[in-house]
Amino acid sequence: MLHILKKIIPEPLKRKLKSHQHSAYLRESTKYAYIGEAGPLIRCVFDKIKDIPGWFNIDDCAHFFLILSYQSAIGLKGDLLEIGSYHGRSTALMAKCLQPDEKIVICDAFEIDTDDKYSDKPSPERLVSNIKRLNPNVENERIIIHKCLSNKLKLGREIFRFAHIDGGHSMDQVYFDLNLCSKHIIENGIIAVDDYYNSQWPGVTKGTNHFLSENREFSVLADLNRHGALGRKLYLIKQG
Ligand SMILES: C[S@@+](CC[C@H](N)C(=O)[O-])C[C@H]1O[C@@H](n2cnc3c(N)ncnc32)[C@H](O)[C@@H]1O
């Protein structure tokens, strides 16, 4: 049937149908092959981390890369923080954007039991080796790993220009993590919250909204959907 149709449909109509199919793919596909000629961020960056287990996708990669590079371009300095690294797909991208005198601080439960269950538990060793896929020269002293639940995380005088919250998904946990990060974020620094508005994790939205209602110095810089992902990432900025 299909081969008969192919013969009788005139060429211009075939081309029109093909282009329509392409734009439909653009909206729904999770394959970046459909978005056209891949740029260096895909070829040189995302290609090296996409097989690390995790949920950080090509859009997140672009958004983080742009924000972190822009911060450095305007001279904003500070360490980077991630709560919930898993095997380090997002961590690797963050560490790639470190400036020479900056550190990345990571808190993950690793093998400790968490409310959300992960069968393939990460380890600090594998995390470090995954981080080095994108930044092979980063010294171990600049990768600070806290193997604990974020409720037990003790931060000193660290000041962060960017924090990524992607650990526990309950309302209380997200509210706690946001409050913790907020005390260490530099003015004009950013907190990215994963799984905002994800129907599978309603606690994230509730915890974030609760935090925002109490902390007027933080506002939403961007609320971004991502290719093929259920939830969004919410980018909060601290301003005065
Ligand atoms: C969704 S995964 C992180 C994914 C990763 N950021 C990525 O984009 O690929 C969540 C991680 O948070 C950790 N985690 C869950 N609850 C936590 C808690 N209360 N404190 C610290 N880490 C937690 C888990 O061990 C897991 O590795």
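Here is what the cut-offs are and how they apply
- Residues numbered from 1 in each chain as written.
- Predicted model: local features only at pLDDT ≥ 70, side-chain atom pairs only at ≥ 80, totals over all residues.
- Heavy atoms only, no water.
- Helix = DSSP H or I, 4+ residues; strand = E, 2+ residues; numbered from the N terminus.
- Buried < 20%, exposed > 50% of the residue type's maximum accessible area, 1.4 Å probe, protein only.
- Contact = heavy atoms within 4.5 Å.
- Areas by Shrake-Rupley, 256 points an atom, 1.4 Å probe, with all protein chains shown as cover.
- Near = heavy atom within 4 Å.
- Polar contact = N/O pair within 3.5 Å; in protein donor to acceptor, adjacent residues only side chain to side chain.
- 1 Å grid on protein atoms, 1.4 Å probe; cavity = no way out; pocket = protein on both sides within 12 Å on 5 of 7 lines; lining within 4 Å.
- Sits in = over half its atoms within 2 Å of the grid points.
- Salt bridge = Lys/Arg side-chain N within 4 Å of Asp/Glu carboxyl O.
- Lys, Arg positive; Asp, Glu negative; His and termini not counted.
- Points joined across faces, edges and corners; volume = space filled by probe spheres on them.
- Pairing = 2+ DSSP bridges.

## A few points about the overall build of the protein chain
What the protein chain contains, in helices and strands, is eight helices and seven strands. Among the 240 residues that make up the protein chain, the fraction classed as buried is 45%. Look at the contacts in the protein chain between residues 6 or more apart in sequence, and 70% of them connect residues 24 or more apart. Of the roughly 13000 Å² of accessible surface on the protein chain, a fraction of 56% belongs to carbon and sulfur atoms.

## Concerning the site of the ligand
Near the ligand lie 21 residues; those nearest to it are G84, S90, D108, S150 and D166. Backbone polar atom of G84 to a nitrogen atom of the ligand: 2.9 Å apart, as the coordinates give it. For the ligand, a nitrogen atom lies 2.9 Å from a polar atom in the backbone of S150. Protein chains bury 96% of the 600 Å² of accessible surface belonging to the ligand in isolation. If you map the ligand onto the pockets, it falls in the largest pocket.

## Quick notes on the pattern of salt bridges
One pass over the full model with this rule turns up 12 salt bridges. R133 serves as the salt-bridge partner of D51, at 2.6 Å between the closest nitrogen and oxygen. Of this pair, D51 sits in the loop between α3 (40-49) and α4 (58-73) while R133 sits in helix α6 (residues 124-134), and the two are 82 residues apart along the sequence. A residue is classified by how much of its surface remains accessible, and R133, at 31% relative accessible area, is partly exposed. Ionic pairing is found between D194 and R226, a salt bridge with its closest N-O pair at 3.3 Å.

## Notes on the side chain of D195
Inspection of the secondary structure puts D195 in strand β5 (residues 185-196). Despite its burial, D195 pairs with no opposite charge; the closest candidate is R226, at 4.9 Å N-O. Discounting chain neighbours no more than four positions away, the residues touching D195 are D166, H169, W201, V204, G231 and R232.

## Focus on the layout of surface pockets
Estimated volume of the largest pocket: approximately 840 Å³. Lining the largest pocket are 47 residues, with D116, Y118, D166, G167 and H169 sitting closest to its centre. When residues of the lining of the largest pocket are traced back to their parent elements, those giving at least two are α5 (89-96), β2 (104-108), α7 (171-182) and β5.

## Describing the pairing of strand β3 (residues 143-147)
For a regular strand, the rule is simple: side chains alternate between the two faces of the sheet. Examined bridge by bridge, β2 and β3 share five bridges and lie parallel to one another. Residue V105 lies in a different strand from β3, and its bridge partner there is I144.

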